[in-house]
Amino acid sequence: MGFAAFAAERRAEILALTAEHVVLVLVATTIAVAIGLPLGIALTRSPRLARPVLALTSVAQTIPSLALFGFLIPLPFIGGVGARSAIVALALYALLPILRNTYTGLLQVDRAVLEAATGMGMTAGQRLRMVELPLALPVILAGVRVATVVAVGTATIAAAIGAGGLGTYVFRGLATVDTRLILAGAIPAAVLALAADALLGALERARRPGRGAAWLAAAVAAALALALATSALRGGREPGRRPVVVGSKNFTEQVVLGEILAALLEARGFEVRRRLNLGGTTLCDAALRAGQVDLYVEYTGTALTEILKRPAQRDPARVYAEAAEAYAAVGVRVGEPLGFDNSYALVVRRGEAESRGWRRISDLAPDAGGLRVGLFGEFLEREDGMPGLLRAYGLRFGRPPIEMDLGLLYQALAGGQVDLVVGSATDGLIAALDLVVLEDDRRYFPPYDAVPVMNAASLGAHPGLEDAVRALGGRIDAATMRRLNHAVDGEHRPAAAVAREFLRGAELVQD
Amino acid sequence: MPVLELREVRKRYASGTLALDGVSLAVEEARVLVLLGTSGSGKTTALKTMNGLVTPDAGEVFVLGREVRAWDPIALRRRIGYVIQEAGLLPHLSVAANVELVPRLLGWPADRRRARTRELLGLVGLPPDRYGAAMPAQLSGGERQRVGLARALGADPPLLLMDEPFGALDPLTRRRLQDEFKELQQRLGKTVVLVTHDVPEALRLAHQVAVMDLGRVVQRGTPENVRERPEPGFVADFVRAALP
């Protein structure tokens, strides 16, 4: 299916995501204006504060969004998983250009004009309203324009924290290596950015920008009121009980497992909310502990070393027991293993593996100096990651590894941009792209058994939830998981459909 | 009783410059007082003490019968017309909106403001239908200065303060505006304090001239007085250099 047909088929969903995206940007930019404009005015009145406040805002802008989300998830009122955290982060990023332009715009107003205004008998408030703001308006609008256009781009990251928007397609597309999905997210986002730029640019150049700005502000207010009203209506229709929130990390297997959990629970009568594609282990864990997500699938090795900061273990049963015990102390219950071990895997192109005789990881040692390695950021930092791997096998790579999104790694490997990637053993793309996994002959990687992890307090609030999840125990083996992953990555089928099909096939749900 | 009076006014700026070093002045009703001096002589500072844009360190300033500190500064400024070089028009407002600014601040109803604006534009020789909607940037220097004068007259203030009002104009326009100003002043009977560094302008427009140098008034008198009997020293040099 070509892109045009694909986009036509998904028209309704693309429109809905675009609307979500617009609302995120509008709310965030409105908040940034509501804070930045008065703050900018205040700074011109107390110049001693100006430098530290502007510096602080600049620093806020350099905080990477995922790190910011990590801070925001546990916070009450402004945090959590979903639109609120995304809006707070976007507003924070939008604040600097608005604040700085308000400040400099006001300072640039001709002093002679100001003195004439004072000499005519204007009060400070009249001077601000009738002279300073109108004269600074083009500069202030330029700041709003930059902030808005940047926010349209940055808002794609909102998908990493379950806030929706066009980033949902971009991330899903990256996770499943589906270019059409990426484009279906990226093209509307680009169009939105250009439209916002053109609209605000025209306003900036208008002969009477004040009147245009007033109209625009009224239109934005009306749009926001409408969006709020519809979401309130939607909220009003929901029954009193909180839905069960299912989370997942941002790669194919996690999304498929999230859909399986969600569909299973729905079939058992639970109301379910999906918070899939969250941006990484740390985010998922923070959300789980904060009760923003009720359950997701974690891997025992990851849980033990990365989340619970315990030393790595080799014995699967001990890893499980120790993780379950440490989790219990922080209010998280571990369910039965699903039945497969998603260990790390060193993956190479089949052709090269055959010609150079690589079958096991230890075969790499003589060639390691010339290899380009691709991996995702997490692996560099983990207790069971890169440094230990190098020690265990005595490997010395000639150049620093290239960090990439998990979804892009296999493409880069198949395309010859890197020679070796660190992936996971159940990746569907391994078969789809004719790649091979090198055997972990020194048993370096600890076990990564997939287990549902659940917020203990939520289990109390949803009777029967734990039993419902237990039905999945031991039902997904590695071959099944690889097949499901490939159905999404290789055959480009929607994860939700693949999940439903699996549940029916395994007779976990009736038709 | 004078409409405006300065008594022994002193002002030192934060930079350390002594701008006014004991200045005393007075203007009677419907008269024109010209403060004449080189740049840095303190004449603009003296003018700004009269509408509270500059607060003196010592001495007293009486305006319309009351000491400046006893006035609410906003109310005071709305009773004084203020004209500055290049007119200080608000660049984002039309000519009409500039002229009706002070009436608007005073809360006049719209139709009264509109009528007043037409009257004033006519008074300064700008047909309201042609100029009312124009923006300041579209006007010539002379036209802008006329608008500035019309704006200062907006609420019919008894007192006008003018800081180098004809300073940025070509000689021909300057001369014509001076003549028109003189005629208008006599017709309306406004009390005026005008600051200039131009000796012929001072002598042409003033009823009283106060020559300033280094923050002091060094000679006070009628134009004839200053022209015929300048004080030896600075005034004599200044006047002789300017007049053939």
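Residues numbered from 1 in each chain as written. Chains lettered and ligands numbered in written order. Predicted model: local features only at pLDDT ≥ 70, side-chain atom pairs only at ≥ 80, totals over all residues.

**Focus on the overall build of chain A**
Looking only at helices and strands, chain A features 23 helices and ten strands. Radius of gyration (C-alpha) of chain A: 26 Å, near the 24 Å computed for a compact globule of 511 residues. Overall size of chain A, expressed as C-alpha extent along the three principal axes, is 85 × 55 × 50 Å. In chain A, which comprises 511 residues, the proportion classed as buried is 45%. Intrachain contacts of chain A at a sequence separation of at least 6 include 78% that bridge at least 24 residues. (Helix = DSSP H or I, 4+ residues; strand = E, 2+ residues; numbered from the N terminus. Rg over C-alpha atoms; globule rule 2.2 N^0.38 Å. Buried ≥ 20, exposed ≤ 12 C-beta atoms within 10 Å, placed from the backbone. Contact = placed C-beta atoms within 7 Å.)

**Topic: the domain arrangement of chain A**
Residues and elements named next belong to chain A. Domains assigned within chain A are domain 1 (3-234), domain 2 (244-341 + 448-505) and domain 3 (344-438). Across the boundary between the two partners, domain 1 contributes four residues, which contact six residues of domain 3. The residue inventory of the side of domain 1 that touches domain 3, partitioned by class, reads three nonpolar, one polar and no charged. (Domains from an automatic or database assignment. Nonpolar A, V, L, I, M, F, W, Y, C, P; charged D, E, K, R; others polar.)

**A closer look at the nonpolar core**
A:Leu24, A:Ala28, A:Leu90, A:Ala94, A:Ala151, B:Val34 and B:Val193 are the most contacted members of the largest nonpolar core, which totals 218 residues. Considering each element in turn, this core owes the most residues, 16 residues, to helix 5 (residues 83-107) of chain A. Look past the residues within four positions of B:Val34 in its chain and what remains in contact with it is B:Leu194, B:Thr196, B:Ala202, B:Leu205, B:Ala206 and B:Val209. (Core = buried A, V, L, I, M, F, W, Y, C linked by C-beta atoms within 7 Å.)

**A look at the sheet that holds strand 9 (residues 208-213) of chain B**
All names here are of chain B. Pairing within the open sheet is mixed, and its six strands lie in the order 6-7-8-3-9-10. This sheet does not close on itself; its edge strands, each paired only once, are strand 6 (80-84) and strand 10 (216-221). Pairwise comparison of adjacent strand axes, ignoring direction, gives a mean angle of 15° for this sheet. Sheet analysis places strand 3 (residues 32-37) next to strand 8 (residues 191-196), joined by five bridges and oriented parallel. Counterpart to Leu33 in the pairing with strand 8 is Val193. Contacts from helix 1 (residues 43-50) reach strand 3, strand 7 (159-163), strand 8 and strand 9, with the element oriented near 150° to strand 8. On the sheet, helix 7 (residues 141-152) packs against strand 6 and strand 7 and is oriented at approximately 165° with respect to strand 6. (Pairing = 2+ DSSP bridges. Axes fitted to C-alpha atoms, helices over the stretch in contact; angles between N-to-C directions.)

**Topic: the environment of A:Leu66**
Residues and elements named next belong to chain A. As for its position among the elements, Leu66 is in helix 4 (residues 65-72). A count of 16 C-beta atoms within 10 Å places Leu66 in the partly exposed class. Ignoring any residue separated from it by four or fewer positions in sequence, one finds Leu66 in contact with Ala160, Gly279, Gly280 and Leu283.

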